[in-house]
Structures are given as C-alpha cells and as structure tokens.
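A closer look at the structure
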Amino acid sequence: MSSGSRIKILSDGDLEDLYGLPVLNDEERKVLFEIEEADHTILDKISTIPAKINYLLQKGYFYAKQYFFNFTFQQIRNDTWFIINNYFPDEPFPKKQLSKHFHYANQKRILQQYNFRQITAKTQVKLQCYAKDLTKRHIYPKFIFDELLAFCQRNNLVRPGYSTMQTIVSMALADERNRLLNKVSTLFDKGARTALDNLLESENNFYRLTLLKKSAKDFSTTEMRKEITKQRYLLEIYEHAKTILPKLNISTKNIEYYASMATFYPISKLKRVKKNLARLYLLCYVRHRLLEVNDNLITFFLYRTNKYYQEAEEYAREKTDINNDQAEQRLINAGKLAQLYADKNIADHELRPEAFKIIPEDEIEQFAKELTKREAKKTRLTWQHLGKQSRGITLNLRPVFQAIHFSYNDNTPIKEALDFFNQHLKSNKTFSNYPQDQVPLKFIPETLQAHVTTKTIDPTDNRRRIKTINAERYEYMLYFQLQKMLVSGAAFIKDSINYRHLEDELIPYDYWVANRDKILEKLNLPLLCMPIQEILKLLNEELTERYHETNNNIQNGDNTHIKLHENKQNIVTWKLPYKKQADDVNNPFYENLPSINIADLVRYVAEETNLGAKFTKIQQRYTKKSFDLNQFVAAIVAGGTGIGIGKMAEISDINFHELNNMFQTCFRIDTLRDASDEVVNKIAKLPIFKFYTLAEYGIHASVDGQKVETRSHTIKARYSKKWFALGKGLSSYKLVANHVPINDKIIGTNEHESYYVLDIANSNTSDVEIAAISGDMHSINRVNFALMYLFGYRFMPRFTCLPDKAQKPLVSFQDPEEFDDYLVKPVDKVKESLIVREWDNVLRILVSLALKETSQAIIVRKLSSYKRANPTLQALIEFDKIIMSSY
C-alpha cells in the first residue's frame, strides 16, 4: 500500500510522545542512564568507548519508551555529555558517529536483557490478522492502533514504526470495508435494497430519512404518536436488519458507528457514496434508530403511568384532608374518649353512656373506621380517580402497550393477563361480556384486587348485586404492574437499548464457556485472571488486619479524630465531628490577573494545542476547503455559551451557512472527545499539574453531576423546580482530576449517578491515569465497590452520617462474635462459598463490562437496581460488601 493511502491516526503531540526522542532533565538522566549490575558485564564486552556510550543511551531511551531510535551523538549532546561526565570523565566527546553494525549490536544486547523481540515478517502478519479482528469490534482507527500497541506490550515486542502501523491499520480498515461491501452485495435482496433506497427518496418535499432523524421533544401525546409512526415505518426495514446484520459479523460498536454516518451525512452526500456502502449505513441506522424509538416509547409509558398514579395520589390526599377542621375535631374527640378510661371518677358501667355523649352511638362505628382506615380510604380514592382517567389512559398508554412487544418469564402471573388483554383489544367485546372468572386477576396483589371490582345489579335478578370487573381500573392496573416489572427487571423488551434482559447484555454463555481463557488473556485486568480463592485469601488478611488496627488505634488513643460517648447503660458510641469550614476567600494573586474574552481564550487554546485538527469532517477525502479558525472559534463559543449559531451569525461577520456547516460536519461525539483529550493532555504536561497529585498512590479524581438547563427540548431533559425553576435541564456528569475535567457524560436528572461511575472512569481516553475516585452518596450502589476494585480503581466515596452507615453493612471472614469486644465490628459473615461457586458467572459479567459491547452504565443500572437477585448477582453483592467493609 502506498504511503499516500495511509491515514493519520496520531496527533503531532501523540506522535512525538510515542516516536520522538525523549527530552530529559538531569533527574531523569540519573534514573535512565544508571549502570546496573547486568550492565557491567555487557559493557566489559564492548571494546570502544563510543559503543559503550551508545549502549547506555539506547538502554535509557528503551527503558523510557520501549522503542529504539536512530540518532547521532550531536543530536543528543546533553545526554551524551551526561554519560561522559558521569562514567567516562577522561574521554573526549565522540567525533564520529558509531557505525550501524555496533548500533544494532547494542540493540540486540538490550533486547536480550529485557526479554524483548523485534518485529519480524512473521509477527507482522500476526499484527495484521489481529488488526483485522479488531476492525470487527470497532472501526475507529485510534482504537485499533492502541490495541495493537497493547498486543506488542503483552508479547514483549518492540512496536513497529509509525508508518508501518499506519499501513497495518489502513489495510485492515480497507479489508473490512471491502469485506462488508461484498457481503452487502450478496446478502441484500431486492426488497431490502428497495426499502433502504426509499429512505433517500423525497416525499411531499421531505426525505423519509430526515423525518426519521427528528427526535422526540417531550412526553406529549403528539410526540408519542410521531414515535409510533416512526416505529411502524422502521419495523418494515428492521426485519431485514435482523436477518442481515448477524451475518455481517460486526459488533454493536460498529453498528453504532455506521449508523452515525447516516445520521451526520447530509442526504446529498449519502447519495454520492457507493450505493452498497450507503445501504450499509442506512441498515445500521434503521436498527439503531428503532431501538432508540422503542426506548423513547417505553420511557413515555413509564413516565405517563407514574404521572397518572401521582396525580391520583395527590387527589386522594386532598380529599382526605379537604376539611382540616373536621379532621382536627375527630382527633380532639378521640382524645376525649381516651381520657374517659383514665378518669378514675367514672365507673366502668358509666363509660359507654359518657362516650356516646362525645360521639353519638349511631356514628361511632364510622368514626372508628375513619380513624383506623385512613390509608385504606386514601387508596380507595386513588383508584376511584384512576378509574375516571380512562380516556387519558386509553389515549396515551394503550397505543404504546400495543406498539411494544413485552417479554417476561413464562411462569409470571401477568403473562395470562397480558395475553387476555391483547386478545380483548383485538376483539369487539366489552368487559361486561366477560364473566368474572374469565378475567385473570392473579397478577394483582390481594390488597389491591378489591379496587378493580365493582358491585352492579345482576341482569338476571334485579334484587341481587354481583361483583364485576371495572374495565378502566383493570386496564390501568395491568399497565401499573407492568411498569413495576420493567423497573425491577422482571419484564423487558428485546428490541431495546436500555430495557433488554440482563442476559442479552452479556457475552453469550456458550461462547464464554468455550473461549473463557482466551478472552481473559486479551484483557489487561490482572485481578480477573487470579483464582478467586487467592483473591479472597488476600482480602481476608487485609480486612482482618483493618479491624484489629482500627480498633487498637481507638483504644490506644492514637486515633484523635474519633469521639467516644458512654451512656448510663455503659454503652459506648462514637462519631466523627466535622469542623465547619470557613468561607473560602480568593487568593489575592487571582485579582491581579486580567480578564480576557472567551473567544480569545478559545483561539489561544486552539493555537497552542492544535485543537482545530481534532474537529475533522465526517469524511476528509471530500474536504477541499482548509480549516477556518474564525469559524471554529465562533462555533465553539456559540455552542458552549448556548446562544446558538443563529444568534452568533447575527452578531458576528460569519454567515449562518458557514457556521451551520462547521457545526453539522465537525461537531460530533468523537471529535469533541478527541479535542477534549488534546486539551487535557496538554494541561497534564504542564509542570504545575503534578503538584496537585497529593496522594502517594497516584491521581485521586472525583465525580459529580452539574445540572444544566437546556436550550432545546429533548426527551432526556426533565423539569425540576429545584434546579431549573420552570425550565428543563440535564445533568453534566464529570470526572475531575487535579482540577481538570477529563471526562464528561450527559445524563438525565432522573438517572442515578452511581450507574455511571465505572463507565466514566473506564471510558477516560486521555493520558491522565486515575488511581482513585471519590463521590458523594449518589455514587454508591450495591455493586460499585466490587466493580471499581476489580477494574483496578480505588473507590473512595464520602459517607455522610458515617457511624450509622459504617455499622450496618460491615462483614468479616470470621464469625462476628470474635469481634464482640471491638467498638467497630462486623455484623455479618462473608458468604465465601457463594462467591466461589458463582465466580465464573461473575467473571462473565465483568468481562462483558470490559469488552464494552454495550454501555457499562446500562449493565450497572441493572445489577444495582434489580430487586430479584439471582445467585450470581448475590455473589457480586457479597463481594462488594467485602471491599466496602475494608474501605
């Protein structure tokens, strides 16, 4: 392959880091050029001083970068003089460059010393094959490049030169593209081709694809109907996608990538690319878009079902408290009745007559019911109100129920009810046509069954009243129970992103059993390769030591922060008093810094970091116009400040078309992430950055969500009086290290932040390596301690009310009675046998998370929220208790 066909993978900074000669200071030279015992033997075999200097230089550079460089002594004068002055003080600076023979001989010595190998033709073929496999996982060039580097590191191979790596990656991408185009041409039948081509056809002055791209704005009935219309149209093509995509052998990541091509490409450009390539993009888009639409419909279903119930509860609350004076009088009368029993001047036989003076005899039974069954009355009023909302329920919930195919276990009680109700909706019958024994009621909790039945006159006998099923309440009860099952994981939707069964998110079981060792070998996660018995042994020793050390420090008075309190019953309790911090005052240093314009700041950063190069066009081969810094700065400021490109075009000298073109073609998730990494990496190289690393174990980061009001309406945005007053907003969930935000995820304000802790840490693509992560109580769930530990992070959240939180969940490997004399002690024993028995299944979950075939946040949400914990999940939760106890 010619050099002209190579793609640019690394930025100039990344290229210099990997393939540029190290630029060292004196401290670094002392470490890298230190002569060890093994070096003396090698140096004795080298005959000339220049060759010895060359050996030490190459050894130090190899230790720093695991790569060999070609250089002259003149190019690296400072390093050469350092070695001469420290090891050969009487020798002059070499006048001639060392011959290639001695240079490569020294490389062989260093390779032998460090047990490394150079890339050969045979190993290069292996790299090429591995690169082809990687393209099936993710088509992103930087991902393939990084994985190839990791392959070299695992196998002690000196990485190939950059041009060789470019060629390998380019060839792998080209081969994958050709493979897919060939498959597409053979797998697509006439029906699939016609259906996909129709997406690019105009209908009533609108392209069908353009209409499908429009996102739902809110939870209104109109938006819901639009989503159902999209779903019906997508389903016709989705049937082709379900058949064809598995045969293409591409990962979920690649499907999302190809779908993004159809999302970001204008229709005009999609028409210009090769037809089969455009069809591939569209097929992936249809698959991905249908899952998104189904997710939107389910979210709508959950939101509306919950909203109806909240409104009904509010109605019942108002009704029960509608007359506060009467409620207060009832309490006063109840108090008077109680006082009768305490009045010793009243004889027992006079109690009833005196009581009837307070509450008349014919009213006292109702009075007692109102006092003792207030909650029952509230529930009755709630369901009465829900019955009156039948028109809204039919309008909003029934269409979604009919549009979505729900899945559940065969033995669940609701299956019979769902089958019955689906059949009922297809028929022309009314509920009055069904005898009560034909309507399934087992799915309804016994305490609520009375609320879906009403007493009506028997049509065969006017004197009798019989129980019948209230159709309106029954329908809502079905949706209400289905909503609870979706939240708990008892019901799921196969064609979905967020609501699939947990099993569908994991590696297929048969594939895992057959390839377990190979999969674990590819992952750079040492703990997952260790036997669980060995891990538990180490944790046992560590946790037991922690109990002894912590309590001894308290008893000896070495822990001066903890405060002990002994009550009259000689029970000792403890607490950690927190000193109120004084209000922070800005350092006067910052008052001397001049204010600067945001645009000037963006321009400076872009020039210092080559930031603009990260915002590439969707497909650079079509780009003829050079990058315009003014347009870039205007687009960044318009998006970052929220004023929008329309307003920016009005107040600047850049026209709307140019700004819109920049925004539409350059601003994507991938380019934003790459640009962010470029800035973060540049900051991390500044001398001051390391001074913020205060912990001895490495960089300690923190996670938290920042609420941000949205300018445009999306289905992910939520109302919140607390954060947005009358507006809508989202949460920007950030990972911050040494005061630098190194990763960010936009999540809904209704989503629990703990689901994203592992995801945001593990998806950090910057050069800043995180050792520990802290968060508030929102970062904690029942699996995060275990997951973070097993993925190589220290999870160190801040507990509020620590004495209460710390006492309840503590566990130990020994019987808790052995720690009775301690102040801080366990309450339960670790179920080691459960963890050992289920560890292989736990590993399957962990590897599925590591491979990122699906969003890590989705799996963590299901692991931490499912109420029905199977043995595997229970084992993971048990392991989590060990790590949390140790922390």
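Residues numbered from 1 in each chain as written. Predicted model: local features only at pLDDT ≥ 70, side-chain atom pairs only at ≥ 80, totals over all residues. Heavy atoms only, no water.

Notes on the overall build of the protein chain
- Scanning the protein chain from N- to C-terminus turns up 41 helices and 16 strands.
- Dimensions of the protein chain along its principal axes, counting C-alpha atoms only, are 125 × 85 × 65 Å.
- Put simply, the protein chain has 887 residues, and 44% of those count as buried.
- Taking the intrachain contacts of the protein chain between residues at least 6 apart in sequence as the baseline, contacts between residues at least 24 apart amount to 70%.
- Approximately 49900 Å² of the protein chain is accessible, and the part contributed by carbon and sulfur atoms is 50%.
- The distance from the centre of the 125 positive side-chain charges to the centre of the 109 negative ones in the protein chain is 7 Å. (Helix = DSSP H or I, 4+ residues; strand = E, 2+ residues; numbered from the N terminus. Buried < 20%, exposed > 50% of the residue type's maximum accessible area, 1.4 Å probe, protein only. Contact = heavy atoms within 4.5 Å. Areas by Shrake-Rupley, 256 points an atom, 1.4 Å probe, with all protein chains shown as cover. Lys, Arg positive; Asp, Glu negative; His and termini not counted. Charge placed at Lys NZ, Arg CZ, Asp CG, Glu CD.)

Here's the deal with a nonpolar patch on the surface
- On the surface, a cluster of nonpolar side chains totalling about 430 Å² of accessible area is made up of Leu686, Ile688, Phe691 and Tyr692.
- Mapping Phe691 onto the fold places it in the loop between α34 (669–684) and β9 (699–709).
- A relative accessible area of 60% means that Phe691 is categorised as exposed. (Patch = residues over 30% accessible without salt bridge, like charges linked within 9 Å, V, L, I, M, F, W, Y side chains within 5 Å. Salt bridge = Lys/Arg side-chain N within 4 Å of Asp/Glu carboxyl O.)

A look at the layout of surface pockets
- Looking at the second largest pocket, its volume works out to about 1200 Å³.
- As for the second largest pocket, its lining consists of 36 residues, and the residues nearest its centre are Arg546, Met884, Ser885, Ser886 and Tyr887.
- If you list the elements that add at least two residues to the lining of the second largest pocket, you get α28 (532–556), α37 (784–790), β14 (794–795), α38 (802–807) and α41 (871–886).
- Ranked by residue count, the leading element in the lining of the second largest pocket is α28, at nine residues.
- Along the lines of polarity and charge, the residues of the lining of the second largest pocket split into 25 nonpolar, six polar and five charged. (1 Å grid on protein atoms, 1.4 Å probe; cavity = no way out; pocket = protein on both sides within 12 Å on 5 of 7 lines; lining within 4 Å. Points joined across faces, edges and corners; volume = space filled by probe spheres on them. Nonpolar A, V, L, I, M, F, W, Y, C, P; charged D, E, K, R; others polar.)

Overview of the pairing of strand β7 (residues 563–566)
- Here β7 runs beside strand β8 (residues 572–575); their pairing, made up of four bridges, is antiparallel. By the bridge assignment, Leu564 is partnered in β8 with Trp574.
- Counting the residues between successive antiparallel strands, the hairpin from β7 to β8 contains five residues, one of them, Asn570, with a positive phi of roughly 65 degrees. (Pairing = 2+ DSSP bridges.)

Some points on the packing of α28 against α41
- For the pair α28 and α41, interaxial distance at closest approach is 9 Å and the crossing angle is 35 degrees. In this structure, α28 meets α41 at a crossing whose hand is left-handed. Contacts from Ile532, Ile535, Leu536, Leu539, Glu542, Leu543, Arg546 and Tyr547 in α28 reach Phe879, Ile882, Ile883, Ser885 and Ser886 in α41.
- Classifying every residue of the contact of α28 with α41 gives nine nonpolar, two polar and two charged. (Axes fitted to C-alpha atoms, helices over the stretch in contact; angles between N-to-C directions. Left-handed = near helix turned anticlockwise from the far one by under 90°.)

Considerations on the nonpolar core
- Leu57, Phe145, Leu148, Phe401, Phe406, Tyr474 and Tyr476 are the most contacted members of the largest nonpolar core, which has 143 residues in total.
- Ranked by residue count, the leading element in this core is helix α15 (residues 275–320), at 20 residues.
- Non-local contacts of Tyr476, meaning those with residues more than four positions away in its chain, are made with Thr305, Tyr308, Tyr309, Trp383, Leu386, Ile393 and Leu397. (Core = buried A, V, L, I, M, F, W, Y, C linked by side-chain atoms within 4.5 Å.)

Brief notes about the packing of aromatic side chains
- By the definition in use, this model includes 45 aromatic pairs.
- Between Tyr19 and Tyr162, the aromatic rings sit 5.9 Å apart at their centres with planes inclined by 45 degrees, giving tilted as the arrangement. Here Tyr162 lies in helix α9 (residues 162–187) and Tyr19 lies in helix α1 (residues 12–19), a separation of 143 residues in the sequence.
- In this structure Tyr162 comes out as buried when scored by relative accessible area, which is 13%.
- Judged by centre distance (6.4 Å) and plane angle (90 degrees), the rings of Phe420 and Tyr474 are edge-to-face. (Phe/Tyr/Trp six-rings, centres within 6.5 Å; stacked < 30°, edge-to-face > 60°.)

Some details on the environment of Ile35
- Within the secondary structure layout, Ile35 lies in the loop between α2 (26–32) and α3 (37–45).
- Residue Ile35 is classed as buried on the basis of its relative accessible area, which comes to 18%.
- Expressed as a C-alpha distance, the spacing of Ile35 and Phe188, which sit 153 residues apart in the sequence, is 65 Å.

Quick notes on helix α6 (residues 100–114)
- The end-to-end C-alpha distance of α6 is 21 Å, a good match for the 21 Å that 15 residues give at a rise of 1.5 Å each.
- Along α6, the residues classified as buried are His103, Ala105, Asn106, Gln107, Ile110 and Leu111.
- Residues of α6 that are buried sit in contact with α4 (49–65).
- The positive-phi residue at the C-terminal boundary of α6 is Asn115, with phi of around 60 degrees. (Expected span 1.5 Å × (residues − 1).)

A short note on the environment of Gln124
- Checked against the element boundaries, Gln124 lands in helix α7 (residues 121–137).
- Taking the C-alpha atoms as reference, Gln124 lies 52 Å from Thr229; in sequence the two are 105 residues apart.
- Other than its neighbours up to four places away in sequence, Gln124 contacts Ile119, Thr164 and Ile168.

Concerning the pattern of salt bridges
- Evaluation of the coordinates by the stated rule reveals 29 salt bridges.
- Residue Glu176 pairs with Arg179 through a salt bridge whose shortest N-O separation is 2.9 Å. Taken together, the residues Glu176 and Arg179, both in helix α9 and three residues apart, mark about one turn of the helix.
- One salt bridge connects Asp419 with Lys415, and the closest N-O pair in it is separated by 3.1 Å. One end of the pair is Asp419 and the other is Lys415, both in helix α22 (residues 414–426) and four residues apart, which spans about a single turn.
- Classification of Asp419 as partly exposed rests on a relative accessible area of 38%.

Considerations on helix α33 (residues 656–666)
- All buried positions along α33 are accounted for by Leu659, Met662, Thr665 and Cys666. Seen end-on, α33 carries its buried residues on one side only, within an arc spanning 155 degrees.
- The N-cap residue of α33 is Asn655: its side-chain oxygen and the backbone nitrogen of His657 are 3.1 Å apart. (Arc of directions from axis to C-beta. Polar contact = N/O pair within 3.5 Å; in protein donor to acceptor, adjacent residues only side chain to side chain.)

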